[in-house]
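# Commentary on secondary and tertiary structure
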Amino acid sequence: TRGDVAKGKVIAEQVCAACHGADGNSVASANPSLAGQHAKYLESQLKAFKSGERKNPIMLGMAASLSDADMKNVAEYFSEQKLKARQANDKALLPAGQKLYKAGNPVTRVPACMACHGAAGKGFPAQYPALGSQHAAYIVKQLNDFKAGTDRKNSIMADVAMRMSDADMKAVAEYISGL
Ligand code: HEM
Ligand code: HEM
């Protein structure tokens, strides 16, 4: 069943807007944009923050006050908002970032991100989050979190991130932010 968008909107405007934008387009690069993200993925992350499986002190506080129904509703609301297209900041990194995103690196065995996150960065609803037009700084932090495996545990993404250098992360994040 789908969440109730009207109920979700009330939560978004009263609680989440300060950091994620009322329409899910955030301004500060540490705060991810949520607009257009798959509802199932947003809901799963809220549950992971609440249980402490994904560790973030700010989002733990936010998720702790939400019921399962609230999470479903607010996830549905943000998933229906329109994500604003962004431009990459550092255009010099785009060729390397695009290469990694689309083809991976056979030498270091980084898989192509495109396989799971889609050529246009829109992901696939049931399992794979959309990445396109997300803040590059947020993307880099997530890749480092997956690599370290303390704040964010995911076996698929840990295996991807552990093969990436800092330069790989920066380049691919720039490319993704402009998708
Ligand atoms: C991350 C939802 C309120 C700051 C996230 C994520 C979701 C989310 C789903 C993960 C996004 C992803 O994986 O792509 C919400 C909802 C809120 C809310 C539904 C309101 C009920 C806030 C507020 C702040 C905040 C008020 C700031 C005070 C952050 C930050 C992250 C984050 C910094 C990134 C955490 C990290 O680096 O892993 N939020 N949020 N959020 N949110 Fe919120
Ligand atoms: C999540 C980047 C390759 C599957 C993520 C996130 C980022 C990311 C930044 C977190 C999104 C967010 O917080 O909003 C990348 C990059 C890749 C890559 C840069 C290539 C170098 C892949 C591949 C797969 C995959 C090949 C599938 C085999 C997933 C899954 C999640 C995820 C399942 C969600 C994890 C969770 O629930 O916490 N990816 N990814 N990714 N990615 Fe990737």
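Relevant structure appears above.
Residues numbered from 1 in each chain as written. Chains lettered and ligands numbered in written order. Predicted model: local features only at pLDDT ≥ 70, side-chain atom pairs only at ≥ 80, totals over all residues. Heavy atoms only, no water.

With that settled, consider helix α1 (residues 5-20). In this model, α1 (16 residues) spans only 17 Å end to end at C-alpha, well below the 22 Å of a helix rising 1.5 Å per residue. Along α1, the largest kink reaches about 50° and is centred on Q14. Taken together, the buried positions of α1 are G8, I11, A12, C16, A17 and H20. As for α1, its buried residues are in contact with α3 (57-64) and α4 (68-79). If you check the start of α1, you find a side-chain oxygen 3.0 Å away from the backbone N of A6, and it comes from D4. (Helix = DSSP H or I, 4+ residues; strand = E, 2+ residues; numbered from the N terminus. Expected span 1.5 Å × (residues − 1). Bend = angle between axes of the 7 residues up to and from the residue. Buried < 20%, exposed > 50% of the residue type's maximum accessible area, 1.4 Å probe, protein only. Contact = heavy atoms within 4.5 Å. Polar contact = N/O pair within 3.5 Å; in protein donor to acceptor, adjacent residues only side chain to side chain.)

Moving on, we come to the site of ligand 1. The immediate surroundings of ligand 1 are formed by 24 residues, with C16, C19, H20, Y41 and M59 found nearest. Note that an oxygen atom of ligand 1 is positioned 2.8 Å from one of the side-chain N or O atoms of R54. Between an oxygen atom of ligand 1 and a side-chain N or O atom of K141, the distance comes to 2.8 Å. Put simply, the parts of the chain that give the shell around ligand 1 at least two residues each are α1, α2 (39-51), α3 and α7 (136-148). Formed jointly, the shell around ligand 1 draws a minimum of three residues from each of two domains, domain 1 (5-79) and domain 2 (91-177). (Near = heavy atom within 4 Å. Domains from an automatic or database assignment.)

The next point concerns the coordination of the iron atom of ligand 2. Within the first shell, the iron atom of ligand 2 binds the protein through H117 (NE2) and M157 (SD), at distances of 2.0 to 2.2 Å. Of note is the iron atom of ligand 2, whose 6 donor atoms meet at the metal with angles of 85 to 179° in an arrangement that counts as octahedral. Here H117 is found in helix α6 (residues 114-117), whereas its partner M157 is found in helix α8 (residues 155-161), with 40 residues between them in sequence. Each member of the pair H117 and M157 is classed as buried. (Donors = N, O, S within 2.8 Å, 3.2 Å for Na, K, Ca; no water. Tetrahedral: all angles 85-135°; square planar, octahedral: opposite > 155°, others 65-115°.)

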